[in-house]
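Topology and contacts: notes
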Amino acid sequence: MSLNTKFDELLDFPCLFNFKVIGNTDPKLEDNIVAVAQKHVSGNYAPTSKKSSKGTYNSVTIKVKVQDKDQVEGLYVAFGAIPGVIRVL
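First things first, this report covers the structure right here in the doc. Fair warning: this is a prediction, and the values are worked out from it, not measured in the lab. (Residues numbered from 1 in each chain as written. Predicted model: local features only at pLDDT ≥ 70, side-chain atom pairs only at ≥ 80, totals over all residues. Heavy atoms only, no water.)

Summed over all chains, the structure comprises six aromatic pairs. Arranged with centres 6.2 Å apart and planes meeting at 75°, the rings of F17 and Y76 form a pair that is edge-to-face. Here Y76 lies in helix 3 (residues 69-80) and F17 lies in strand 1 (residues 15-24), a separation of 59 residues in the sequence. The pair formed by F17 and Y76 is uniform in burial state, with each residue classed as buried. When the ring of F19 is compared with that of F79, the centres are 5.3 Å apart and the planes differ by 70°; the resulting orientation is edge-to-face. On the criterion of sequence distance, the pair formed by F19 in strand 1 and F79 in helix 3 is long-range, its members being 60 residues apart. Taken as a pair, F19 and F79 share a single burial class, namely buried. Members of the aromatic cluster, joined through ring pairs, are F7, F17, F19, Y76 and F79. (Phe/Tyr/Trp six-rings, centres within 6.5 Å; stacked < 30°, edge-to-face > 60°. Helix = DSSP H or I, 4+ residues; strand = E, 2+ residues; numbered from the N terminus. Buried < 20%, exposed > 50% of the residue type's maximum accessible area, 1.4 Å probe, protein only.)

Shown next, in the form of structure tokens:
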């Protein structure tokens, strides 16, 4: 599956890539994001989380060492498939 992005033109692979995942407030959201990242690229992840001002949403930022454009696109799709995720940036 190709998202037709230009990551291959903009980035020098391999590189560290920050993903910001925004989802409904769920105590398992961060763990689910780490599990997806581990499935695609094993590593020790230390994501950071921030709650929205009303506490309705959480944003989780995770840094992943990606090897190519396909891996970045695959992670975007996989993070977006996590239940409760609203957006992946």
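Now for the pairing of strand 2 (residues 48-51). For strand 2 and strand 3 (residues 57-66), the ladder comprises four bridges, and the chain directions are antiparallel. In the strand pairing of strand 3, S49 is matched with V60. Remark: five residues form the turn of the hairpin made by strand 2 and strand 3, two consecutive strands paired antiparallel; G55 in that turn has positive phi of roughly 80°. (Pairing = 2+ DSSP bridges.)

For the rest of this paragraph, the subject is unusual backbone geometry. In the segment running from F13 into P14, the intervening peptide bond is cis, with an omega of -5°. With respect to the element layout, P14 can be found in the loop between helix 1 (7-10) and strand 1.

What follows concerns the environment of S42. Along the chain, S42 turns up in the loop between helix 2 (29-40) and strand 2. The spatial distance from the C-alpha of S42 to the C-alpha of L10 is 24 Å, given a sequence separation of 32 residues.

Direction of pairing for strand 1 relative to strand 3: antiparallel, over a ladder of ten bridges. Of the residues in strand 3, the one forming a bridge with K20 is T61.

Turning our attention to helix 3. Taking 1.5 Å of rise per residue, twelve residues should cover 16 Å, and helix 3 covers 17 Å from first to last C-alpha, within 8% of that figure. Those residues of helix 3 that sit buried are K69, Q71, V72, E73, L75, Y76, A78 and F79. Between the side-chain oxygen at the start of helix 3 and the backbone nitrogen of D70 there is a gap of 3.3 Å, and the oxygen is on D68. (Expected span 1.5 Å × (residues − 1). Polar contact = N/O pair within 3.5 Å; in protein donor to acceptor, adjacent residues only side chain to side chain.)

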